[in-house]
Amino acid sequence: MNIAFIGLGRMGWHIAAHLARAGHNLSVYDTSSTLPADWVKAFGGRAGRSVGDTVAGTELVLTSLPADAALQAVWDLAQPTLAAGAIWVDHSTTSAEIARRLAKAAKSQGRHFIDAPVSGGTVGAEKGTLAIMAGADEAAWSVVEPVMSAYAQRASLIGPAGAGQLTKMSNQICVAGIGQALAEGLAFAEHNGLDPKKVLDVMLKGSSTSWMMENRAQTMIDGKFDFGFSTTLMRKDLGLVMEEANRADVSLPVTALVGQLLSDVSAMGLANADWCSLMQRQRRVQSGK
Ligand code: NAD
């Protein structure tokens, strides 16, 4: 299939690589001056000169962009050369509102827009084991679902446009609380003179185990945060959640608190670090320094 891939960041780089390995013909684009050429050197395909040039002649467009503003900008730039009947799958985490709006616009043009945010982190992207949660119509979904098997262990159609983003918000609500709970539990163990690695080892076999514990607790103990999902992007996600919750009069006290704690983490100079640097905030609070 001829596929345009836009946004070759921490996630997009790997997702696009799996598609190339699966034999698809890719044209890629990113506003970074180096990423597209580096990607083409590694995986083949073509680097587009612009968004319009990248999507021209493709049946499927995939995006992995930071947030609503970038998605809207790319969408606008793509319109003149986007093929009739093209399907657009957005793997970014955005508001449900923009997903519904772009799906409506696409439908009026005879095209399709699918909101398909992902979970599983950069490791899941690299290993091709992402979980995808989508809002789409059945016809478009049946075309793209087999393509996604190149990089996802599960791709689920949840409901109509926007349902994917609302599902991702539910995921982030759960993950936010777990991240702070891990920071508190591990820092508590350290504070009491326990070996946190031994504590982790036994907890992994107990009732508090989770994906977060399996994939992040060790790096939190080691103070290693130069990878993963940035504090800035997690704050963006929780901001989207709180906007949606406020609109619906839903109370999310723990999520709201973790959003506030992450603003402390940013102020500590860790905006680009993995958001589990919540651990550093917890250590600082406990040490009183
Ligand atoms: P990233 O910042 O590493 O990558 C985004 C890429 O988009 C960058 O390379 C950037 O140059 C490019 N970009 C920005 N604006 C652009 C534009 N107008 N045109 C073309 N390219 C543009 O972010 P990421 O960590 O890869 O995350 C991408 C999306 O996936 C985000 O919405 C994020 O919330 C979501 N996500 C990330 C993770 C993770 O662990 N990193 C996990 C799940 C979901």
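Presented here is a report on the structure given in the accompanying data block. The structure presented is a predicted model; accordingly, all values stated were derived computationally and were not measured. (Residues numbered from 1 in each chain as written. Predicted model: local features only at pLDDT ≥ 70, side-chain atom pairs only at ≥ 80, totals over all residues. Heavy atoms only, no water.)

1. Structural notes on the overall build of the chain
Step number 1: A tally of regular secondary structure across the chain gives 13 helices and 9 strands.
Step number 2: Taking 289 residues into account, the globule formula puts the C-alpha radius of gyration at 19 Å, and the chain, at 20 Å, falls close to it.
Step number 3: C-alpha extents for the chain along the principal axes are approximately 65 × 45 × 35 Å.
Step number 4: Taken across its 289 residues, the chain has 50% of its residues classed as buried. (Helix = DSSP H or I, 4+ residues; strand = E, 2+ residues; numbered from the N terminus. Rg over C-alpha atoms; globule rule 2.2 N^0.38 Å. Buried < 20%, exposed > 50% of the residue type's maximum accessible area, 1.4 Å probe, protein only.)

2. Quick notes on the side chain of glutamine 172
Step number 1: Within the secondary structure, glutamine 172 sits in helix H8 (residues 163-191).
Step number 2: On the basis of relative accessible area, glutamine 172 is assigned to the buried category, the value being 5%.
Step number 3: With sequence-adjacent residues up to four places away left out, glutamine 172 is seen in contact with Phe229, Met234, Asp237 and Leu238. (Contact = heavy atoms within 4.5 Å.)

3. What about the pairing of strand S1 (residues 2-6)?
Step number 1: Burial of S1 is extensive: 4 of the 5 residues sit out of reach of the surface.
Step number 2: Direction of pairing for S1 relative to strand S2 (residues 25-29): parallel, over a ladder of 5 bridges. Opposite alanine 4, over in S2, you have serine 27 as the bridge partner.
Step number 3: Each parallel crossover has a hand, and the one from S1 via helix H1 (residues 12-21) to S2 is right-handed.
Step number 4: Of the pairings in the sheet, the one linking S1 to strand S4 (residues 60-63) comprises 4 bridges and is parallel in character. Bridging across to S4, isoleucine 3 finds its partner in leucine 60. (Pairing = 2+ DSSP bridges. Right-handed = clockwise from strand over helix to strand, strands pointing away.)

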